[in-house]
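Examination of the molecular architecture
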Amino acid sequence: MSENRKFNVAIAGATGAVGGAMLDVLKRRNFPINELRLLASERSVGKKIEFNGEEIAVQLLSKDAFEGIDIALFSAGATRSLDFAPAAAKAGAVVVDNSSAYRMDPEIPLVVPEVNPQAIAELKNHGIIANPNCSTIQMMVALKPILDKVGIKRLVISTYQAVSGSGAEAIAELDAQVKDYAAGNKMKASVYPHQIAFNCLPHIDTFLENGYTKEEMKMVNETRKIFGDDSIAITATAVRVPVFYGHSESVNIETKEKISVAEVKALLADAPGVKLTDDLSNNEYPLATDCAGEFDTFVGRIREDESIENGINMWIVSDNILKGAALNTVQIAEVVIRDYK
């Protein structure tokens, strides 16, 4: 890529929470933009959004909206991605899709840039790259150095996921329930099947026949695809918690070879995209309140699992809207323009 080259970029779903975060990430990372095209549904057409001092009017997301676009970042939901991403790719754009639409398609790369950037080479099949699920991404960043060093045999995962993962309505519902509780009023639930304020719901997405939820099986299947290893045994429990931003995860790792806590810490201290936060003497460990707005994935509470021979426990926290969505999407686009454009 020429150092001075700039690209025409479209954001599909530009008025949503992740679309707005994509704009912020593009700005913060100085992505080389020539034209920025903001696309959304009919109800948002004409709305103006500021970007780098310029007011840009939102246009209609349609199959004809991608002419001349080099990079199309999608965060408009799986249905719209299925409808419009192929048209964007046909028009010549490289599509980076943040929905679940293409993640498990064997012909479409599923990418975390710190983990498997080489998979982007497969985009020539369809011109589409899939962004993994938010809870999967942060775990991949933390596990990759361990996988490379000693291999991974089994993962036992428990997630504690913020309501922002369900969108703006869920954020508003938690806010309203807290205010109703403080005022002594009855709390109303519509986004979730139960009250989320002061509660934990072991229920993210729909339940499947095996008793797991879709969210839990996403972590299982996406992890194996990203690591390219179907032999890793994985089980997950995904829980929605009354936190606005930031997903937290307790991950138990059974490694193929023995690794010490000190070795894990040394690996993670040098790992791209990771911030090691593990000073128990000063009560320092990853917190959702600390990760909000941050690009890094925070890792701490690293300790041996004394119940098995080769076991490590860790606590992983990240901003689900940033590294879990917008940031990872833009990082993929950065690899595309660096190596494939």
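Presented here is an overview of the structure given in this document. Each residue is numbered by its place in its chain's sequence as written, counting from 1. For this predicted model, a pLDDT threshold of at least 70 governs which residues receive local features, and a threshold of 80 or more governs which side-chain atom pairs are given and counted, while totals over whole chains, interfaces and linings are taken from all residues. For the side-chain quantities, the full set of heavy atoms in the structure was used; hydrogens and water were omitted.

The next subject is the overall build of the chain. On a plain count of helices and strands, the chain comes out with 8 helices and 14 strands. Only the C-alpha atoms count toward the radius of gyration. The rule for a globule is 2.2 Å times the residue count to the power 0.38. Its C-alpha atoms give the chain a radius of gyration of 20 Å, within 12% of the compact-globule value 20 Å for 341 residues. The dimensions of the chain, computed from C-alpha atoms along their principal axes, are 60 × 55 × 45 Å. Looking at the chain as a whole, 52% of its 341 residues qualify as buried. Between two residues, a contact is recorded if the distance between any of their heavy atoms is within 4.5 Å. The long-range share in the chain, meaning contacts at least 24 apart out of those at least 6 apart in sequence, stands at 66%. His residues and chain termini do not enter the charge count, which takes Lys and Arg as positive and Asp and Glu as negative. To locate a charge, take NZ of a lysine, CZ of an arginine, CG of an aspartate or CD of a glutamate. Side chains of the chain carry 35 positive and 46 negative charges; the gap between the two charge centres is 3 Å. Helical segments are the DSSP runs of H or I of at least four residues, strand segments are the runs of E of at least two, and each set is numbered from the N terminus. Categorising residues by exposure relies on relative accessible area from a 1.4 Å probe, with only protein chains included: less than 20% of the type maximum marks a residue as buried, more than 50% marks it as exposed, and the intermediate range marks it as partly exposed.

Among buried residues, those of type Ala, Val, Leu, Ile, Met, Phe, Trp, Tyr and Cys that are joined through side-chain atoms within 4.5 Å constitute a nonpolar core. Among the nonpolar cores identified, the biggest contains 56 residues, and F66, L155 and M314 are the most heavily contacted of them. If you tally residues by element for this core, the top one is helix α3 (residues 134-150), at 9 residues. In terms of nonpolar packing, the next biggest core, distinct from the first, is built from 40 residues, A21, L23, V330 and A333 among them.

Attention now goes to the sheet that holds strand β7 (residues 94-97). The strand order across the open sheet formed by 6 strands is β5-β2-β1-β6-β7-β8, and the pairing between neighbours is parallel. Whereas interior strands pair on both sides, the edge strands pair on one side only; in this sheet they are β5 (59-60) and β8 (128-130). If DSSP finds at least two bridges between two strands, the strands pair. In this structure, strand β1 (residues 7-12) lies alongside strand β2 (residues 33-40), joined through 5 bridges in parallel fashion. The residue of β2 that forms the bridge with F7 is I33. Here an axis means a line fitted to C-alpha atoms, over the contact stretch when the element is a helix, while the angle between two N-to-C directions is reported on a 0 to 180 degree scale. Helix α2 (residues 78-90) contacts β6 (71-74), β7 and β8 of the sheet and is inclined by roughly 175 degrees relative to β6. In the packing of helix α8 (residues 322-339) onto the sheet, contacts are made with β1, β6, β7 and β8, and the angle to β6 comes to roughly 165 degrees.

So, about a nonpolar patch on the surface. Only residues whose relative accessible area exceeds 30% and that take part in no salt bridge are eligible for patches, with like-charged residues grouped when within 9 Å of each other and nonpolar side chains (Val, Leu, Ile, Met, Phe, Trp, Tyr) grouped when within 5 Å. For the area figures, the Shrake-Rupley method with a 1.4 Å probe applies, and any residue is considered shielded solely by the protein chains shown. Only one rule defines a salt bridge in this text: a Lys or Arg side-chain nitrogen within 4 Å of an Asp or Glu carboxyl oxygen. Nonpolar side chains collect at one region of the surface, where V178, Y181 and F198 lie side by side and expose about 320 Å² of accessible area between them. Among the secondary structure elements, Y181 is positioned in helix α4 (residues 168-183).

A few words on the sheet that holds strand β13 (residues 297-304). In space, the 6 strands of this open sheet follow the order β10-β9-β11-β14-β13-β12, with mixed pairing throughout. At either margin of the open sheet sits one strand with a lone partner, and together these are β10 (233-240) and β12 (274-276). Across the sheet, the mean angle separating the axes of adjacent strands is 20 degrees when strand polarity is ignored. Running at roughly 170 degrees to β13, helix α6 (residues 261-269) makes contact with β12, β13 and β14 (311-318) of the sheet.

On to the pattern of salt bridges, then. In total, this model carries 14 salt bridges according to the counting rule given. Note that D205 is salt-bridged to K218, the shortest N-O span being 3.5 Å. Here K218 lies in helix α5 (residues 214-227) and D205 lies in the loop between α4 and α5, a separation of 13 residues in the sequence. Owing to a relative accessible area of 34%, D205 belongs among the partly exposed residues under this scheme. Linked through salt bridges whose partners overlap, the residues forming this network are D205, E215 and K218.

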